[in-house]
Every structure is written in C-alpha cells, then in structure tokens.
Amino acid sequence: MIEDTLIAQQNEAREADLRSDYDALGAQLDRRGISIDAIRDKVAAYGVAVPSWGVGTGGTRFARFPGAGEPRGVFDKLDDCGVIQQLGRATPTVSLHIPWDKAPAADLKAKAEEVGLAFDAMNSNTFQDSEGQAHSYKFGSLSHTDAATRAQAVEHNLECIEIGQAIGSKALTIWVGDGSNFPGQTDMGRQFDRYLDAVKQVYAGLPGDWRLFTEHKMFEPAFYSTVVQDWGTNYLIAQELGEQAFCLVDLGHHAPNVNIEMIVSRLIRFGKLGGFHFNDSKYGDDDLDTGAIDPFRLFLVFNELVAAEGAPGFDPAHMLDQSHNVTDPIESLLSSAMEVRRAYAQALLVDREALHGYQEENDALMAAGELKRAFRTDVEPILAMARMQAGGAIDPIAAFRASGYRAKVAQERPAVSGAGGGIV
Ligand SMILES: [Mn+2]
C-alpha cells in the first residue's frame, strides 16, 4: 500500500488551487440553482467495482505484452485493487472471477479487510477449460448439446454462489461464450432451450437476498451467433427466471452505433436493469478504457440513470470491465473510475424540470442544449474534492507515479505468463 504521508504531501502542493477551482465552479453552479456541495456528496457516495482480472495486463488475439510487477494471483490482485481505492476512493469493491481467483474464503476476507475492500458480484467462467475438468467447453457450456457438460457448467455456477456467500458477495454474473461459428452449426431454438433449462437450475440455487445478472454479447468467441446475443434475449431470460434475475449491460457488447442509452431506458422501464460493465469501444468489443473514445455516450447512459434515481427497487450494480494492453492497469482503472464518476456528476447537473418542459413542447434544440450544457461543465474540481476529503489523492495518477509502487512490487513479483488476465 501507499504511505498516507505521501498522499498528504502530494495533496499539499495542489490543495490551494483545488479550493480556488472548487469555489469558482461553486459560484457558477449556484447561478444555475445547483449546490456544489450536494453534488460532491452524491459523487463521494458513488462507487464502481473493480474487476480482479483488470489489474493484470490484457492482450489481443495476437499477443500479450506483460508489464512489470504483474499480480501473481488473487492476493496480489487485491493489493493492487487496494491501492486503486486508496488513491481514488471511488472503487470500494472488487469483483472476483472463479476459478482464476479461487482461494480459501477466510484468506480472501482477511486480505480484503487488510486493504480496505469488500466483494462485489461473483463471475463464473465457463468459456474456457480449467485443469482437471471432466468435460470441455469447446462447443458450449450451459447450452451444450451434452447433458453432462451442461450439468458441469451449472455445478460451477453453484460453486461460485457458495464461494460468494462465504465472502459477502450478493450477486452472480453469468456470461457465456456459447454460440456458433457457422450457419447451421447449431439449432438456435434448441440451443436457447438448453441454456434456459440450465440457467434455471442456477437460479434455483440463488440465495433469497442475491441477484443473478446475465450479460449479453453480440459476438466473440462465437462469431456467427451467440446464445445471449442482445438485450432482447437477455430481457427474455430475466423474465423467464424471475424477480431476482436482471440484465447486465456491458457497453462494449453491442454493434457499433447501437443506442445503448435507449436500451438502458427500456430495461429501467421494465425493472430489469441489473447493472453495467463499463468500458469503451471504437469498433467492437474493444475493451478500451471507460470514457476513452466516447465520453458523451457514457454521459447519456448516466443521464438515464440519474433520471431513474429513487425509483422503487432501482439499484444497478456498477463495475469496470476493460482490458489494458498498453497502459499500467492500476493507472487505467484509476482514470476509468474517475471517468465514470465524471459522467455521473455531469448527469446530476441536468436541469430535469427544464428538460422535461422542452420535451413536452417538442423543443428539440433546447432539450439537446440542456444536456450539452451539463456535459460541457468541467466537474473535475468536484471529483478531486470528493477524493481529497475521503483521504484520497487530488491527482491519483501523479501520486501513484510518485509512490514508486510499481517498481516496488516488480521486485517482489517475478514475471508470470498468465495469472488470469482476461477479457469478458
Ligand atoms: Mn463484461
């Protein structure tokens, strides 16, 4: 972990400027009838989960270029996630991936407590074969033609729930790579029937206070069809399963130009929005850093979320899910968590009454302008103030670089080829 004195030193050099910027923005927002302190408090209370696999360097289909000091296993990953939370104060929870992160529950809990974290949703993995596994997932898992393979996939998901219960998680996220690569390879109707039958068995094992999230993905690793390809199919699944089942929206799992904020609105409308995997993309499931390509789209998603705040039962889970190929994963996750908070803060600035009025009057220009006004506002002083007041760094990336953490862990952690860095 990073010394608190280093964070204090780093902040000391920046605090006066921050206070001046915060006051200036506060005066501007005041003229718009907005209390900057109220926005800061909401931002401070907003957290996004870090994926354990995100702290390892990712790769493409072509190669992986490991960085120095990569985590060797789940306990190193938790150390890195602890540093992200220590500096950024926006990521209080970690989402584990089984079997990559399998370890005794007591040890996981003790480590999480040591580094100041709690556990978010559990992620099952039936898209690759694990050592010693009886049946291969090469041709599918929960929707496989072979009953024994489906049973194995169900069993694995139930085991994820069991591990999750022992460490205080309250949700299971299922993403399956099942599908087909050639027209005619599978009977798409029967395959979906088999999937539904299997996922119902998982749902039956869900504790009463848990939620089940299913994640749709349009393509990859199956390139012709996937069994849960889009939000419509995902919604049908959540409907079939019951009231503890919700749809998870991974921003990268859609065709280019798809109106994701409208999907979010639809799922909210029918009480089935489970949460998000945040990332960004230019072409497909690029798994780029959140807000790196299209921060306006991220803002528009948050515009829907803020509009729905306070509705009964509305409690989406938020997690980052991205792959870091050319950056230090800790820096990318720190900066992505800030981007998510930025979009949230900007969405909080929308004058919803005015927007509603423009919509009722069909004043398209003014309605779009109201959103743009919020999006154009530089909310950085709000984010930085929330971080500093929570004990984090005003400039987390600068503090991280000044800490020498990466060089230090590089000495302790010999290079490994793969410790469960993946793209989901
Ligand atoms: Mn995902």
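From a predicted model like this one, the values you see are computed outputs, not experimental measurements.

Rules behind the numbers
Residues numbered from 1 in each chain as written. Predicted model: local features only at pLDDT ≥ 70, side-chain atom pairs only at ≥ 80, totals over all residues. Pairing = 2+ DSSP bridges. Helix = DSSP H or I, 4+ residues; strand = E, 2+ residues; numbered from the N terminus. UniProt positions renumbered as here; feature names shortened; annotations may be inferred. Buried ≥ 20, exposed ≤ 12 C-beta atoms within 10 Å, placed from the backbone. Contact = placed C-beta atoms within 7 Å. Axes fitted to C-alpha atoms, helices over the stretch in contact; angles between N-to-C directions. Parallel < 35°, antiparallel > 145°, perpendicular 65-115°, else oblique. Left-handed = near helix turned anticlockwise from the far one by under 90°.

**Q** Please give an account of the sheet that holds strand 1 (residues 50-51) that cites residues and values.
**A** Strands sit in the order 1-2-4 across an open sheet of three strands; the sheet is parallel. Each of the sheet's edge strands pairs with one partner strand only, and the pair in question is strand 1 and strand 4 (118-119). Pairing analysis gives two bridges linking strand 1 to strand 2 (residues 93-95), with the strands arranged parallel. Its bridge partner lying in strand 2, Pro 51 is registered against Ser 95.

**Q** Give a detailed account of the UniProt feature "domain: Xylose isomerase-like TIM barrel" (unreviewed entry) in the protein, specifying residues and quantitative values.
**A** UniProt tags residues 96-287 as "domain: Xylose isomerase-like TIM barrel" (unreviewed entry). Between the end C-alpha atoms of residues 96-287 the distance is 18 Å, and the span holds 36% helix and 17% strand.

**Q** Outline the environment of Ala 386, listing residues and values.
**A** Residue placement: Ala 386 occurs in helix 14 (residues 380-389). Judged by the 22 C-beta atoms lying within 10 Å of it, Ala 386 falls in the buried class. Along the backbone, Ala 386 and Thr 60 are 326 residues apart, and their C-alpha atoms lie at a distance of 35 Å. In this view, Ala 386 contacts Arg 40, Val 43 and Ala 44; residues no more than four positions away in its chain are not counted.

**Q** An account of the packing of helix 4 (residues 74-88) against helix 11 (residues 329-348) is needed here, citing residue identities and associated values.
**A** Two numbers describe how helix 4 lies on helix 11: the axes approach to 10 Å, and their chain directions differ by 45 degrees. Taken together, helix 4 and helix 11 sit at an angle that is classed as oblique. Here helix 4 runs over helix 11; the crossing is right-handed. Two secondary-structure elements touch here, helix 4 through Asp 80, Val 83, Ile 84, Leu 87 and Gly 88 and helix 11 through Ile 330, Leu 333, Leu 334, Ala 337 and Met 338.

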